[in-house]
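Structural characterization, general
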Amino acid sequence: MSRDDLLSEVIILKNPEDLSTERFSQPSVVERAKLFHSVLSGYPTFKETLQKKGLQFGGRVLLVGPPGTDFEAFIFHIALEVPMKMIRLQMSAVIGGEEQISEALRTAVEFAKRNPPVVLYLEQTELLGREGTNHASVLYNSFKELTWDENEVLVVCSTSDPGKIERDLLTSFDRVYIFPAPLLTERVRVFETLLEGRNNLDPTLLGELTDGWGFSDIQHLSVSLLTDVPEGPEPLPRVKLEQLIGSSGVPGLSRYETHDTIARTARGEHVPSPEAINTEYPDDFVDQLYLMAVGDDFQGTQRIIETLNNNLPLTPQDRNFLSKNPFLLSGNPEDRLTRLMRAKRTNDRLSRLMGR
């Protein structure tokens, strides 16, 4: 295979004028991209200071977030605003053996060095930099060659599973931006934009009913509502919107609870939905379960709750913990934190009484 054939199979190159300005993007990701762009724009003013101290700006960025995060919004904004070319690795090129992946990475890196200024985007970095693989070493060594300081190359990587990335590779990133699932204000903002003109679809109610949903889930639900729900002059009540979401075929798979329930159901297991857990576990009983979990492992319980509340990827250890404590899936983020803190205070008080 010739070098040109390899390039065409591995590389997607877009010039700024080729990028769509009509693209709808996740607001929180765009806001972070704007902040990074402002720092990048100020580089000439602090370049000399860094050089005198033997430091580099680098320009290697890792984006971390739950499945469905609009990582592309970050590179689109940077490429359009600087402006600069955008290079991305075709993921189909890395389906194969380690040598094939390593060669694809080398090709992308070399092409980026020859086309400055450029942003090189590597998605699903957990596949490219998987711990213990040769291609993780290739990527680690390649990062040493790619800096904004020396060759005007930005490297932006994204992942929803950072736990699988080689630790040494993780330390190569100059900046790591972590995006939780869209908060209520962002969900409402997205629904307001996508459902503009639809008076019968209340963005605030929809935002409240999609707690923990990812950006892609919200987009898919908006499409379903726009195509399946007739227009009307009056806002639909909450109960009706709940029914529409339930029958939309958009279950919100970015939420761990939903994904886990569907996966276990597909395996033939009986799994109560998170909503049903509230019925199966009376309120007082849930508090007792929290107390037992805190007494057994407070830090582990706190870690799981923070991970669930931010809709971040779960490790196998986290999944095992949840299988023993499924009640942690019930309630909203605020409810989980309230129960956790209440259980911690009770546990501390009991420990003092017991002289521990």
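Further up the page is the structure itself.
The following paragraphs examine the structure supplied in this document. Everything numeric in this text was worked out from a predicted model, so none of it was measured.

Another aspect to go through is the overall build of the chain. Scanning the chain from terminus to terminus reveals 18 helices and six strands. Per-residue burial over the chain gives 47% buried out of 356 residues. A sequence separation of at least 24 residues applies to 80% of the contacts in the chain between residues at least 6 apart. A total accessible area of about 18,200 Å² is found for the chain, and carbon and sulfur atoms account for 50% of it.

Note that Trp 148 resides in helix 8 (residues 148–151). The exposure class assigned to Trp 148 is buried, which follows from its relative accessible area of 9%. The spacing of Trp 148 and Gly 58 is 90 residues in sequence and 5.6 Å in space, taken between C-alpha atoms. Those residues in contact with Trp 148 that sit more than four places away from it in its chain are Leu 40, Tyr 43, Phe 57, Gly 58, Met 84, Pro 117, Val 118, Val 153 and Leu 154.

The interhelical angle for the contact between helix 10 (residues 184–194) and helix 12 (residues 215–228), taken along N-to-C directions, is 35 degrees, at an axis separation of 10 Å. Here helix 10 and helix 12 pass one another in a crossing that is right-handed. Listed contacts from helix 12 to Arg 187, Val 190, Phe 191 and Leu 194 of helix 10 are Phe 215, Ile 218, Gln 219, Leu 221, Ser 222 and Leu 226. Of the residues contributing to the contact of helix 10 with helix 12, the split by class is seven nonpolar, two polar and one charged.

Now for the layout of surface pockets. Taken as a whole, the second largest pocket encloses approximately 430 Å³ of empty space. As for the second largest pocket, its lining consists of 19 residues, of which Pro 67, Ser 160, Pro 313, Leu 314 and Arg 319 are closest to the centre. Elements that contribute at least two residues to the lining of the second largest pocket include exactly helix 14 (256–266) and helix 17 (316–324). Classifying every residue of the lining of the second largest pocket by side-chain character gives seven nonpolar, six polar and six charged.

Buried within helix 13 (residues 238–246) are the following residues: Leu 241, Leu 244 and Ile 245. Buried residues of helix 13, viewed axially, fall in a sector of 100 degrees; they line one side. Of the exposed residues in helix 13, the ones pointing more than 90 degrees away from its buried face are Val 239 and Gly 246. Those residues of helix 13 that are buried lie in contact with helix 11 (203–209) and helix 12.

Read from one edge of the open sheet, six strands run 1-3-4-5-2-6, paired in mixed fashion. Looking at strand neighbours, the two that pair on one side only are strand 1 (11–14) and strand 6 (175–178), the edges of this open sheet. Taken over all neighbouring pairs, the strand axes of this sheet differ in orientation by 20 degrees on average, direction set aside. Sheet analysis places strand 2 (residues 60–64) next to strand 5 (residues 153–159), joined by five bridges and oriented parallel. Bridge assignment links Arg 60 to a residue of strand 5, and that residue is Val 155.

Along any regular strand the residues' side chains alternate between the sheet's two faces. Counting buried positions over the five residues of strand 2 gives five, a clear majority of the element. A two-sided burial pattern is seen for strand 2, the buried positions comprising Arg 60, Leu 62 and Val 64 on one face and Val 61 and Leu 63 on the other. Pairing of strand 2 with strand 6, which is carried by four bridges, proceeds in the parallel orientation. Each residue of the ladder has a partner; that of Val 64, found in strand 6, is Ile 178.

Before going further, it helps to spend a moment on the packing of aromatic side chains. Here the structure, examined in full by the defined rule, presents 10 aromatic pairs. Summarising the aromatic geometry, the rings of Tyr 43 and Phe 57 are spaced 5.8 Å apart at their centres and angled 50 degrees between planes, so their arrangement reads as tilted. Highlighted residues: Tyr 43 in helix 3 (residues 43–52) and Phe 57 in the loop between helix 3 and strand 2, separated in sequence by 14 residues. Grouped by ring-pair contacts, the aromatic residues Phe 36, Tyr 43, Phe 46, Phe 57, Phe 74 and Tyr 177 constitute a single cluster. Above the plane of the ring of Phe 76 lies Arg 23, whose end atom (NZ or CZ) is 4.9 Å from the centre.

Rules of the game
- Residues numbered from 1 in each chain as written.
- Predicted model: local features only at pLDDT ≥ 70, side-chain atom pairs only at ≥ 80, totals over all residues.
- Heavy atoms only, no water.
- Helix = DSSP H or I, 4+ residues; strand = E, 2+ residues; numbered from the N terminus.
- Buried < 20%, exposed > 50% of the residue type's maximum accessible area, 1.4 Å probe, protein only.
- Contact = heavy atoms within 4.5 Å.
- Areas by Shrake-Rupley, 256 points an atom, 1.4 Å probe, with all protein chains shown as cover.
- Axes fitted to C-alpha atoms, helices over the stretch in contact; angles between N-to-C directions.
- Left-handed = near helix turned anticlockwise from the far one by under 90°.
- Nonpolar A, V, L, I, M, F, W, Y, C, P; charged D, E, K, R; others polar.
- 1 Å grid on protein atoms, 1.4 Å probe; cavity = no way out; pocket = protein on both sides within 12 Å on 5 of 7 lines; lining within 4 Å.
- Points joined across faces, edges and corners; volume = space filled by probe spheres on them.
- Arc of directions from axis to C-beta.
- Pairing = 2+ DSSP bridges.
- Phe/Tyr/Trp six-rings, centres within 6.5 Å; stacked < 30°, edge-to-face > 60°.
- Lys NZ or Arg CZ within 6 Å of the ring centre and 35° of its normal.

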